[in-house]
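# Topology and contacts: notes
Single-letter residue listing:
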Amino acid sequence: MATKWLLDPTHSEITFKVKHLMISNVKGEFTTFNAEIDAEDDTFASAKVSAFIDTDSIFTNNTDRDNHLKSADFFNAEANPKITFEASTLNGDVTGNLTLNGITKPITLDVDFGGINSDPWGNTKAGFSFEGKIKRSDFGLTWNAALETGGVMVSEEVKIAGELQFVKQ
């Protein structure tokens with residue numbers, strides 16, 4: 001019988017970085033997301049993972065940029081309110097289906113299992129860190145602008161990362 005683990009959102013984050021003007025990275029995060037794991041045991045080797053991100057919760061510390069990212073040029077948050085991820089194994093890395101901008105593709109994330117511990121209130125917690133890369137155009141995110149000096153305004157590669165803590169149910 002599988003054990004359900006639910007996300008502890010107050011101890012979790014999902015971030016991304018994308019190169020801007022070919023010279024530096026711009027960092028952003030999503031502030032509203034949820035995930036759960038169904039695991040046969042505490043190794044999580046055969047766990048099923050499901051997660052969603054509220055697309056409209058994108059935050060880059062710049063309202064104009066956030067609004068542009070929510071527009072049809074990028075995430076089209078009105079038509080695609082959720083980004084989802086589904087995987088059926090969690091063992092050193094995780095390969096699953098990412099649905100972004102209405103397009104579903106398999107991606108692989110490097111996962112570091114931080115372990116299991118109990119908090120002072122008797123809750124059993126499990127921690128995971130993940131990182132990976134996606135190609136924007138694979139998900140229809142093709143808006144860009146050519147630079148006079150060569151290159152483009154926004155890189156094709158997006159680095160994604162997260163720190164996730166789950167509570168055993």
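The rules behind each value
Residues numbered from 1 in each chain as written. Predicted model: local features only at pLDDT ≥ 70, side-chain atom pairs only at ≥ 80, totals over all residues. Heavy atoms only, no water. Core = buried A, V, L, I, M, F, W, Y, C linked by side-chain atoms within 4.5 Å. Buried < 20%, exposed > 50% of the residue type's maximum accessible area, 1.4 Å probe, protein only. Helix = DSSP H or I, 4+ residues; strand = E, 2+ residues; numbered from the N terminus. Contact = heavy atoms within 4.5 Å. Patch = residues over 30% accessible without salt bridge, like charges linked within 9 Å, V, L, I, M, F, W, Y side chains within 5 Å. Areas by Shrake-Rupley, 256 points an atom, 1.4 Å probe, with all protein chains shown as cover. Salt bridge = Lys/Arg side-chain N within 4 Å of Asp/Glu carboxyl O. Lys, Arg positive; Asp, Glu negative; His and termini not counted. Charge placed at Lys NZ, Arg CZ, Asp CG, Glu CD. Polar contact = N/O pair within 3.5 Å; in protein donor to acceptor, adjacent residues only side chain to side chain.

## Brief notes about the nonpolar core
- Of all hydrophobic cores here, the largest spans 39 residues; its most connected members are Ile37, Phe44, Phe75 and Leu90.
- Here this core gets 5 residues from one element, more than from any other, and that element is strand 11 (residues 154-168).
- In this structure Phe44 touches Trp5, Ile37, Ala39, Leu90, Phe113, Ile116, Ala126 and Phe128, once residues within four positions along its chain are discounted.

## Describing unusual backbone geometry
- Residues other than glycine seldom take positive phi values, yet Phe44 does so here, at roughly 65°.
- Relative to the elements of secondary structure, Phe44 occurs in the loop between strand 4 (33-39) and strand 5 (48-54).
- Looking at Phe44, the relative accessible area reads 1%, which means it is buried.
- For Asn101, which is not glycine, the phi dihedral falls at a positive 60°.
- Tracing the backbone shows Asn101 in the loop between strand 8 (93-100) and strand 9 (103-118).
- For Asn101, a relative accessible area of 17% translates into the label buried.

## Here's the deal with a positive patch on the surface
- Taken together, the side chains of Lys17, Lys19, Lys27 and Lys159 present a region of like positive charge at the surface.
- Tracing the backbone through its elements, the reader meets Lys17 in strand 2 (residues 13-20).

## Observations regarding the side chain of Lys125
- When you line up the elements, Lys125 lands in strand 10 (residues 124-135).
- For Lys125, the side chain forms a polar contact with the side chain of Asp8, separated by 2.6 Å.
- A polar contact of 3.1 Å, which involves the side chain of Lys125, links it to the side chain of Gln165.
- Contact partners of Lys125, with chain neighbours within four places excluded, come to Trp5, Asp8, His11, Gly115, Ile116, Asn117, Asp119, Gln165, Phe166 and Val167.

## Some details on the environment of Leu109
- Structurally, the position occupied by Leu109 is in strand 9.
- Along the chain, Leu109 and Phe75 lie 34 residues apart, while their C-alpha atoms are 21 Å from each other.
- Look past the residues within four positions of Leu109 in its chain and what remains in contact with it is Phe85, Asp93, Val94, Phe130, Glu131, Gly132 and Ile160.

Shape is all these values report; function is a separate question.
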